[in-house]
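The lines below spell out each chain.
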Amino acid sequence: RSRYVQAVLSAIVPGLGHLVAGRGRLALIFGLPVVLLAAALVVLVATTDRVRLAATLVQSEVIWGLLALQFAILAWRLLAVASSLLDPALSRPGRRDALPIALLLVAIVAPQAYAGYLTNVARETSDQIFVEETGSGGAWQPSLPPSPSPSPGVTPSVGPGPSVAPSPTSAVERITGLIVGVDAGAGRRTYLTDTMIVVSLDPLTETVSMLSIPRDMVDVPLPDGRVFPGKINGLVSYARRNPDEFPGADGTGRDVLMGALGTLLGVRIDYYALVHLGGFVRVVDTVGGVDVYVERGFCDPSYDQYGFSAGFSIRAGWHHLDGEQALAYARVRKAAGESDFTRAARQQEVLSAIRDAIVRGGFLNDPVGLLRALGETIQTNVPREMLPDLAEVGSRIARDRTYRAVIRHPLVRSGSDARGYILVPDVEAIRGLVAAIFPLAGTMPVAARQAPQPETPKPSGGLSSGVGGCRPATPSPTSRGTRRPTA
């Protein structure tokens, strides 16, 4: 008949203290709702994919529902504890009971407050990531025909005109979006989209296809029939500076880029995800790092960003990379034998590795840290209600059902003019590639475009990072001053 035994038990499970004290009616009143709620949660967790369940938590109505539920649970526990402390069969609490009662209340409120804090962090992060579009919410669709007098930035089209994807034969369509990597860090004065990857998910075949767009591509067709003669990585900045030239655009430039790439590829791009490279490091670290397979090692003595001041090198084979190492692996392009094209392929490998880390439960390592990192790193117009379905399907797509391609020679022709180094696209050839890797929903992509599978299986034990600094070799007396980079 100790009030504290009753109160502690009721704090753990409302009604349990009453049951121990023989107060059956109150035990049923306080305990039954808790038992039913716990049973419902067990069934939900047991029958729902954990990645889908985590993705569901970003929806506004779910988050506010969780906050309301947590408040109700806290109030219910406090009410059950108060009922146990004021058991009429015992004397009323006195002054000496104030301290233990206060400690008990702290023990109840503190963990519940932390749970509410986590939920609120999820709410804030969700609001940061999921952008409420002010315009159409998708790719730019011109509201007016182009001006008869072309501006200095865009010119009338002289190549193949705009093209749309063929109508699907089924009610289900591919879900296509654009991942844009932006580096707004030190030394950058312009907003350049140096990383552009079009990603398309087929929910019927459960395959995903990725196509990397080279940043130096020029003469990209626009939806209104004009051509943007500048480099494609500067289109967003140009559209922001010259909104009058893109009637109907939302002013961010992102929708113009989506419209241009959709016209180039002959597909409809509905969604985007903007990734800030600085925050990318934290995302990789909070999921515990990523496992990547390096087909060919390289050394770049000139790389001196994001944690590396003496170059970057990596050997062939499997590696476990932290955030700075993964970013360096995805950014290096000046090493011998490397280029923008090979870098694009490595960026696709890193994306697949991040997906693998999340699916294997990396998001549980530091939930708060991951939420904060995601909020600082990603912005997207993907509707929140779509995320659970996308996450569930995406968690089932292994690397052998991933198809990757990079727009490179002979789909583009390299050259040099007043714009610097440029890549001129062969639009029809590019659309032929797109038809192979982005076929109609329900049709498997071309196997030749399948992501390369590692030549060696992943070791069963832990992986070493396998990376380090890199500097030019000291020339030997017979090398006549030739300097070659060595790891």
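Owing to the predicted nature of the structure, the values given are computational and were not obtained by experimental measurement. (Residues numbered from 1 in each chain as written. Predicted model: local features only at pLDDT ≥ 70, side-chain atom pairs only at ≥ 80, totals over all residues. Heavy atoms only, no water.)

Glancing now at the pairing of strand β8 (residues 290-294). Most of β8 is tucked away, with five of its five residues classed as buried. Alternating positions in β8 separate into two faces, V290, V292 and V294 on one and D291 and Y293 on the other, with burial throughout. Looking at chain direction, β8 and strand β11 (residues 317-321) are connected through five bridges and run antiparallel. Looking across to β11, one finds that Y293 is bridged to W318. (Buried < 20%, exposed > 50% of the residue type's maximum accessible area, 1.4 Å probe, protein only. Helix = DSSP H or I, 4+ residues; strand = E, 2+ residues; numbered from the N terminus. Pairing = 2+ DSSP bridges.)

All chains considered together, the criterion is met by three cavities of 30 Å³ or more. As for the largest cavity, its lining consists of 14 residues, and the residues nearest its centre are D194, I213, D340, A344 and Q347. Contributions of two or more residues to the lining of the largest cavity are made by β3 (195-202) and α11 (340-359). The element that contributes the greatest number of residues to the lining of the largest cavity is α11, accounting for five residues. Residues belonging to the lining of the largest cavity are distributed by class as follows: seven nonpolar, three polar and four charged. (1 Å grid on protein atoms, 1.4 Å probe; cavity = no way out; pocket = protein on both sides within 12 Å on 5 of 7 lines; lining within 4 Å. Points joined across faces, edges and corners; volume = space filled by probe spheres on them. Nonpolar A, V, L, I, M, F, W, Y, C, P; charged D, E, K, R; others polar.)

The next point concerns the sheet that holds strand β7 (residues 271-276). The mixed open sheet is built from six strands, whose spatial order is β12-β7-β2-β3-β4-β13. Of all strands in the sheet, those bounded by a partner on one side alone are β12 (378-380) and β13 (402-406). Averaged over neighbouring strand pairs, the angle between their axes works out to 20° when direction is ignored. By the bridge criterion, five bridges tie strand β4 (residues 207-212) to β13 in an arrangement that is parallel. If you follow S212 over to β13, its bridge partner there is V406. Most of the contacts of helix α9 (residues 277-286) go to β7, to which it runs at about 85°, and overall it touches β2 (175-182) and β7. Those strands touched by α11 are β2, β3, β4 and β13, and its axis lies near 160° from that of β13. (Axes fitted to C-alpha atoms, helices over the stretch in contact; angles between N-to-C directions. Contact = heavy atoms within 4.5 Å.)

Enumeration according to the criterion identifies 24 salt bridges in this entry. Close ionic contact of R396 with E206 constitutes a salt bridge, the shortest N to O distance being 2.6 Å. With R396 in the loop between α13 (387-395) and β13 and E206 in the loop between β3 and β4, this pair connects stretches of sequence that are 190 residues apart. Residue R396 is classed as partly exposed on the basis of its relative accessible area, which comes to 42%. Under the relative-accessibility criterion, E206 is labelled partly exposed at 23%. The shortest N-O distance in the salt bridge between R343 and D340 comes to 3.1 Å. Of this pair, R343 and D340 both sit in helix α11, three residues apart, roughly one helical turn. Overall, R343 belongs to the buried group, its relative accessible area being 9%. Within the structure, one salt-bridge network assembled from shared partners comprises R52, E206, D389, E392 and R396. (Salt bridge = Lys/Arg side-chain N within 4 Å of Asp/Glu carboxyl O.)

Ranked by internal contacts, the top residues of the largest apolar core, which has 44 residues, are L211 and L265. Those elements giving two or more residues to this core turn out to be β2, β3, α7 (235-241), α8 (254-265), β7, α11, β13 and α14 (427-437). It is α8 that provides the largest number of residues to this core, a total of seven residues. Contact partners of L211, with chain neighbours within four places excluded, come to M196, I197, V198, L265, Q348, A405, V406, I407, L433, V434, I437 and F438. Membership of the second largest hydrophobic core comes to 29 residues, among which are V292, V294, A328 and V467. (Core = buried A, V, L, I, M, F, W, Y, C linked by side-chain atoms within 4.5 Å.)

Taken as a whole and judged by the stated rule, the model has nine aromatic pairs. Here Y303 and F312 contribute two aromatic rings whose centre-to-centre distance is 6.4 Å and whose plane-to-plane angle is 65°, an arrangement assigned as edge-to-face. Look at Y303 and you get buried, because its relative accessible area is 6%. Residue F312 is classed as buried on the basis of its relative accessible area of 0%. Joined through ring pairs, the aromatic side chains of W140, F228, Y238 and F246 make up one cluster. Cation over ring: R226 sits above F246, and NZ or CZ is 5.5 Å from the ring centre. (Phe/Tyr/Trp six-rings, centres within 6.5 Å; stacked < 30°, edge-to-face > 60°. Lys NZ or Arg CZ within 6 Å of the ring centre and 35° of its normal.)

This paragraph deals with the environment of D291. By the secondary structure assignment, D291 is in strand β8. The spatial distance from the C-alpha of D291 to the C-alpha of H319 is 5.6 Å, given a sequence separation of 28 residues. Here H320 takes part through its side chain, which lies 2.6 Å from a polar atom of the side chain of D291. (Polar contact = N/O pair within 3.5 Å; in protein donor to acceptor, adjacent residues only side chain to side chain.)

This part takes up the packing of helix α1 (residues 3-12) against helix α6 (residues 98-129). Axes are the key here: two packed helices are described by the angle between their axes and the distance separating the axes. Where α1 meets α6, the closest approach of the two axes is 11 Å, and the angle between their N-to-C directions is 10°. As judged from the angle between their axes, α1 and α6 are roughly parallel. The residues of α6 that touch α1, namely those facing Y4, A7, V8 and A11, are P100, I101, L104 and I108. Its residues assigned to classes, the contact of α1 with α6 comprises eight nonpolar, no polar and no charged. (Parallel < 35°, antiparallel > 145°, perpendicular 65-115°, else oblique.)

For the bond from H409 to P410, the omega torsion is 5°, close enough to zero to count as cis. In this fold, P410 is placed in the loop between β13 and β14 (412-417). Residues other than glycine seldom take positive phi values, yet E206 does so here, at roughly 55°. Although it is not a glycine, D219 adopts a positive phi angle of roughly 55°.

Before going further, it helps to spend a moment on the packing of α6 against helix α12 (residues 367-377). Relative to each other, α6 and α12 sit at 20°, their axes nearing to 8 Å. One way to sum up the angle between α6 and α12 is to call them roughly parallel. α12 is crossed by α6, and the crossing has left-handed handedness. Here α6 contributes Y114, Y117, L118, V121, A122, E124, T125, Q128 and I129 to the contact with α12, which in turn contributes V368, L371, R372, L374 and G375. Residues that form the contact of α6 with α12 fall into these classes: nine nonpolar, three polar and two charged. (Left-handed = near helix turned anticlockwise from the far one by under 90°.)

Now for α11. The end-to-end C-alpha separation of α11 is 29 Å, in line with the 28 Å expected for 20 residues at 1.5 Å each. With 14 of 20 residues buried, α11 is to be regarded as a mostly interior element. Of the residues flanking the end of α11, it is G361, one or two places downstream, whose phi is positive at about 105°. (Expected span 1.5 Å × (residues − 1).)

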